[in-house]
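The primary structure of each chain is shown beneath.
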Amino acid sequence: STAASLEVPIKPPVKVEYTQLFINGQFVDAASGKTFQTLDPRTAEVIAHVAEGDAEDINRAVAAARKAFDEGPWPKLTAYERQRILLRFADLVEEHNDEIAALETWDNGKPYEQAAKIEVPMFVRLMRYYAGWADKIHGMTVPADGPYHVQTLHEPIGVAGQIIPWNFPLLMYAWKVGPALACGNTVVLKTAEQTPLSALYVTKLFHEAGLPSGVLNIVSGFGPTAGAALCSHMDVDKLAFTGSTETGKIILELAARSNLKPVTLELGGKSPFIVCEDADVDNAVELAHFALFFNQGQCCCAGSRTYVHERVYDEFVEKAKARALKRSVGDPFRQGMEQGPQVDSEQFEKVLRYIRSGVDSGATLETGGDRFGEKGYYIKPTVFSNVQDDMLIAKDEIFGPVQSILQYKDLDEVIRRANNSRYGLAAGVFTQSLETANTLMRALRVGTVWINCFDTFDAAIPFGGYKMSGIGREKGEYSLKNYLQVKAVVTPLKNP
Ligand code: ADP
C-alpha cells in the first residue's frame, strides 16, 4: 500500500488531530493553559498550536506513571500480556504507516519516502523486537561458597523519564519506550519542542492496542522547563536522553542533584569516514555522501569528517562535488526528493554560520554554501575540501548538509587524527583490504564501526558512544540493562 500511494501526488495531512498532552490515558491541556507553535519547515507556517507542558504537568504525568507502576497494572501483567499489547501496537502503526509518515515529514521536513519506507517500518520492527524480549527476561542461579541457594531477579526500575530530540522523532520514541515498557517500567516521555506531533498520534494508537492508562505519558514542551522538571523529579527512577552533549551534562547534573537516578545518554558525534587508498572511488563517494547527507545531515552519527587517502584524494573531491550537485533538494512531499529543509530557523542559521566559518578559516568551498530557494529552511548540499583538523567545521557537530573532506597519508596518521576528538560515536571505513579493516575496527575509539556500509540500524545492533558521545547502549539486548535492576536473593539450603 505504501508503494502504491507514492505513485500519486503526496499531500500533508489536512489537519492535526492530537495537540494536547497525553497524561493518565487522556488528552489534556497544559495546567497553565499555554500552547506553543510547531512550524512547517518548508514554509515556516504554523502547523498547529500544541499544549506546552511545564513542571506542573510533569508532576501530573509522573504521578500517573508512579501509580501505574506501584499499584499495577503494568508490572503486574504477565510478560506475555505486555508482549501482546506491544505487538498489537506495532500492527496498528503498520496499518497507519502513510498517515504517520506524512505527519513526521510535515513536522520535521524529512523526505516523505524516507519516513514512509524506512522510518515508520523501522518503528514497527523495533516494537516487535522489544515485544519479543518482554517474555525472555531471565534471572540467574549463582554458585555461592556457602550452603546457600542464590538467585537473581531482574526487575524493572520503576518510572523512566525520557527526553528525545527532533531529528528522528518516531525512531527515538521506539528506542526509548520499547525497552522501557518491555521490561515492565512505566514512562514519562518529553518530546522535542520542534517535533511534538507524531508521538501523540502513535500514543493514541498504543492505547487502542490496550496499553493501560498511566503506563506511558507524553508531555510536549521545552527543555529548561518540562525537561529539567523531569530530570529533577524525586519520583523518577531512571532517565534516558538523546540530544546534544551540552544538554547531556545538564541532565546528568540534575539527576545527581536530585535522587541519583541512573542516566543513559546518547549525545553528539563527529564521526570519521575513512576512505582508504585501495578504495573504489565511485563507491566510496556514494557511501560517504550518504553517510553525511542522510536526513539533511541531522544525524548524531553523521560521517562528518571525510578522511581521504592522498592517492585518491583529487578524484574523490571532484566526484564528491559532482554527487552533491546532483542531490535532489526540494519539497519533501515530492517524489524522488533526497533532501528537505532543516528542522527550524535555529538549526538553519547555525548551519549557515558554520559554512561561513569554514570559508573564513580557509577551507575550499567546492559547492553549495548557501540557502536553497527563497522560503523555508533549505540549504544547498555543501562540500568543503582542504579541511584541516583544527578548523571549527572539523571539530564541532554541524548537524547539517555540510561535508568536510580532509587528506591523509598513512593509516597510523589517520587513526591518530580520527581518534583526536572529544566524541566517539561512530566511524565509517571504506576499504577492500581485510587487514586494513581489522586494524581500523580495533583502533577506532567509537561505539560503532561501519565497514563498507553506514547507518545500518537494525533493531538488534547496539548503538551508543565512547567518550563524550554518551553513556550506555540502546537497541539490542544491551538496551535492556538500562531498564532492569538486579536483586540478589539468598536462602540457606536448610532451615537453621
Ligand atoms: P538540540 O540543540 O539539537 O535541540 P538539545 O540537546 O538541546 O538538542 O535537545 C534535545 C532534547 O533535550 C529536547 O527534547 C530538548 O527540549 C531537551 N532539553 C534541552 N535543554 C534541556 C534541559 N536543560 N533539561 C532537560 N531537557 C532539555
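No experiment lies behind these values; they were computed from the predicted model shown. (Residues numbered from 1 in each chain as written. Predicted model: local features only at pLDDT ≥ 70, side-chain atom pairs only at ≥ 80, totals over all residues.)

Before we go on, may I ask you to explain the overall build of the protein in this structure?
Across its full length, the protein holds 15 helices and 22 strands. A compact globule built from 496 residues should have a C-alpha radius of gyration of about 23 Å, and the protein, at 23 Å, falls within 12% of that. For the protein, the C-alpha atoms occupy an extent of roughly 75 × 60 × 45 Å along the three principal directions. Counting every position in the protein, which comprises 496 residues, the buried fraction comes to 52%. Relative to all contacts within the protein whose residues are 6 or more apart in sequence, the contacts with residues 24 or more apart total 72%. (Helix = DSSP H or I, 4+ residues; strand = E, 2+ residues; numbered from the N terminus. Rg over C-alpha atoms; globule rule 2.2 N^0.38 Å. Buried ≥ 20, exposed ≤ 12 C-beta atoms within 10 Å, placed from the backbone. Contact = placed C-beta atoms within 7 Å.)

Would you explain the site of the ligand in this entry?
Taken together, 17 residues are adjacent to the ligand, and Gly223, Gly227, Gly243, Ser244 and Thr247 come closest. Those elements that provide at least two residues to the shell around the ligand are α8 (223-232) and α9 (245-257). Take the shell around the ligand: its biggest share by element is five residues, from α8. The residue inventory of the shell around the ligand, partitioned by class, reads ten nonpolar, five polar and two charged. (Near = placed C-beta within 6 Å. Nonpolar A, V, L, I, M, F, W, Y, C, P; charged D, E, K, R; others polar.)

Where do I start with the nonpolar core in this structure?
One finds Leu86, Met127 and Val188 to be the most contacted residues of the largest nonpolar core, which totals 86 residues. Membership of the second largest hydrophobic core comes to 60 residues, among which are Val275, Ala279, Ala320 and Leu444. (Core = buried A, V, L, I, M, F, W, Y, C linked by C-beta atoms within 7 Å.)

Even after reading the chapter, I still don't get the environment of leucine 171, so can you show me in this structure?
Checked against the element boundaries, leucine 171 lands in helix α6 (residues 169-182). Sequence separation of leucine 171 and valine 120 is 51 residues, and the distance between their C-alpha atoms is 7.9 Å.

Would you take a moment to explain the sheet that holds strand β19 (residues 448-451) for this structure?
Two orientations exist for strands paired in a sheet by backbone hydrogen bonds: parallel and antiparallel. Strand order in this open sheet of seven strands is β14-β15-β16-β13-β12-β18-β19, and the pairing throughout is mixed. Each edge of the open sheet is held by one strand with a lone partner, namely β14 (364-367) and β19. Ignoring strand direction, the axes of neighbouring strands in this sheet form an average angle of 25 degrees. Pairing of strand β13 (residues 305-309) with strand β16 (residues 402-408), which is carried by four bridges, proceeds in the parallel orientation. By the bridge assignment, tyrosine 307 is partnered in β16 with leucine 406. Helix α12 (residues 345-360) contacts β14, β15 (382-385) and β16 of the sheet and is inclined by roughly 30 degrees relative to β16. (Pairing = 2+ DSSP bridges. Axes fitted to C-alpha atoms, helices over the stretch in contact; angles between N-to-C directions.)

Got a minute to help me understand the confidence of the model for the protein in this structure?
The pLDDT averaged across the protein works out to 96; a share of 97% of its residues lies at or above 70. For the stretch residues 1-9, pLDDT sits under 50, and the model shows seven contacts to residues farther than four places along the chain or on other chains. For this predicted complex, the interface confidence comes out at an ipTM of 0.99, alongside a pTM of 0.97. (pLDDT = per-residue confidence, 0-100.)

I tried to follow the packing of helix α10 (residues 281-293) against helix α11 (residues 313-326) on my own but got confused; where do I start?
As a packed pair, α10 and α11 sit with axes 9 Å apart at the nearest point and diverge in direction by 50 degrees. Classified by the interaxial angle, the pair formed by α10 and α11 is oblique. The way α10 lies across α11 gives a crossing that is right-handed. Here Val281, Asp282, Ala284, Val285, Glu286, Ala288 and His289 of α10 come into contact with α11, specifically with Glu315, Phe316, Lys319, Ala320, Arg323 and Ala324. Here the contact of α10 with α11 is composed, by residue class, of seven nonpolar, one polar and five charged. (Parallel < 35°, antiparallel > 145°, perpendicular 65-115°, else oblique. Left-handed = near helix turned anticlockwise from the far one by under 90°.)

Quick question: what am I supposed to make of α11 here?
An α-helical turn contains 3.6 residues, so a residue and the one three or four places further along point in the same direction. Under the 1.5 Å per step criterion, the end-to-end length of α11 is 20 Å for 14 residues, consistent within 8% with the ideal 20 Å. If you check which residues of α11 are buried, you get Tyr313, Phe316, Val317, Ala320, Lys321, Arg323 and Ala324. End-on, the buried residues of α11 take up no more than an arc of 165 degrees, which puts them together on one face. (Expected span 1.5 Å × (residues − 1). Arc of directions from axis to C-beta.)

Looking at this structure, how should I read the packing of helix α4 (residues 97-108) against helix α5 (residues 112-134)?
For any two helices packed against each other, one specifies the crossing angle of their axes together with the interaxial distance. α5 packs onto α4 with a crossing angle of 125 degrees between their chain directions and a minimal axis gap of 8 Å. By the angle class used here, α4 and α5 are oblique. The two elements α4 and α5 cross, and the hand of that crossing is right-handed. In this structure, α4 uses Asn97, Asp98, Ile100, Ala101, Ala102, Glu104 and Thr105 to contact α5, whose residues at the interface are Tyr112, Ala115, Ala116, Glu119 and Val120.

How should the sheet that holds strand β5 (residues 141-142) be read in this particular structure?
Strands sit in the order β5-β6-β22 across an open sheet of three strands; the sheet is antiparallel. Taken across any chain shown, the strands that pair with only one partner, and hence form the sheet edges, are β5 and β22 (484-492). Here strand β6 (residues 148-156) pairs with β22 via nine bridges, running antiparallel. Residue pairing in the sheet places leucine 153 in a bridge with lysine 487 of β22.

I would appreciate a short explanation of unusual backbone geometry in the present structure.
Residues apart from glycine generally show negative phi values, whereas peptide bonds are mostly found in trans. The linkage connecting glycine 72 with the following residue, proline 73, adopts the cis geometry, with an omega of 5 degrees. Inspection of the secondary structure puts proline 73 in the loop between α2 (55-70) and α3 (79-95). Of note in this structure, alanine 44 is not a glycine but carries a positive phi near 65 degrees. You can see alanine 44 is positioned in the loop between β3 (35-40) and β4 (45-51). Overall, the presence of 14 C-beta atoms within 10 Å leaves alanine 44 in the partly exposed class.

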